[in-house]
Amino acid sequence: MAKNKTQSGTDIQHVKNKNGQAQQGQGQYGTEFASETNVQEVKKQNQASQQGQGQYGTEFASETNVQEVKKQNAKSQSNKSQG
């Protein structure tokens with residue numbers, strides 16, 4: 001068995017070379033994507049999104065008639081008791 005091969009015949013040096021190439025590639029992509037991210041823009045969009053959720057929450061809450069819901073719930077409970 002050769003020194004630079006595993007018991008199953010894998011070329012150790014070849015694997016080390018491929019691993020090194022893969023690590024270099026990951027570093028390049030990581031830098032590329034990081035440099036394309038505008039942190040301030042992302043924060044602004046996140047804030048706008050949160051404000052939008054608040055507007056919908058208020059809109060739906062203002063359309064709910066609490067007294068009507070309570071009346072319907074009471075009627076439903078009454079029907080269950082009779083049945």
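The structure this text deals with has already been given above.
Here is a short report on the structure shown in this document. (Residues numbered from 1 in each chain as written. Predicted model: local features only at pLDDT ≥ 70, side-chain atom pairs only at ≥ 80, totals over all residues. Heavy atoms only, no water.)

### Considerations on the overall build of the protein
Along the backbone of the protein there are three helices and zero strands. Each helix and strand of the protein, ordered N terminal to C terminal, gives the series α-α-α. Looking at the 83 residues of the protein, the share that counts as buried comes to 2%. Taken as a whole, the protein presents about 7800 Å² of accessible surface, with 49% of it coming from carbon and sulfur. (Helix = DSSP H or I, 4+ residues; strand = E, 2+ residues; numbered from the N terminus. Buried < 20%, exposed > 50% of the residue type's maximum accessible area, 1.4 Å probe, protein only. Areas by Shrake-Rupley, 256 points an atom, 1.4 Å probe, with all protein chains shown as cover.)

### Comments concerning the pattern of salt bridges
The final tally for this structure, using the stated rule, is two salt bridges. With a closest N to O distance of 3.5 Å, Glu41 and Lys44 form a salt bridge. Separated by three residues within a single helix, Glu41 and Lys44 lie in helix H2 (residues 39-63), roughly one turn from each other. Glu41 gets classed as partly exposed once you look at its relative accessible area, which sits at 31%. (Salt bridge = Lys/Arg side-chain N within 4 Å of Asp/Glu carboxyl O.)

### Regarding the environment of Thr6
Within the element layout of this structure, Thr6 appears in the segment before helix H1 (12-36). At a separation of 3.1 Å, a polar atom in the side chain of Thr6 contacts the side chain of Ser8. (Polar contact = N/O pair within 3.5 Å; in protein donor to acceptor, adjacent residues only side chain to side chain.)

### What to know about the environment of Asp11
If you trace the backbone, Asp11 turns up in the segment before H1. The partly exposed category is assigned to Asp11, whose relative accessible area is 29%. With residues near it in sequence (within four places) discarded, Asp11 still touches Asn4 and Lys5. Only 3.1 Å separates the side chain of Asp11 from the backbone nitrogen of Gln13, close enough to count as a polar contact. (Contact = heavy atoms within 4.5 Å.)

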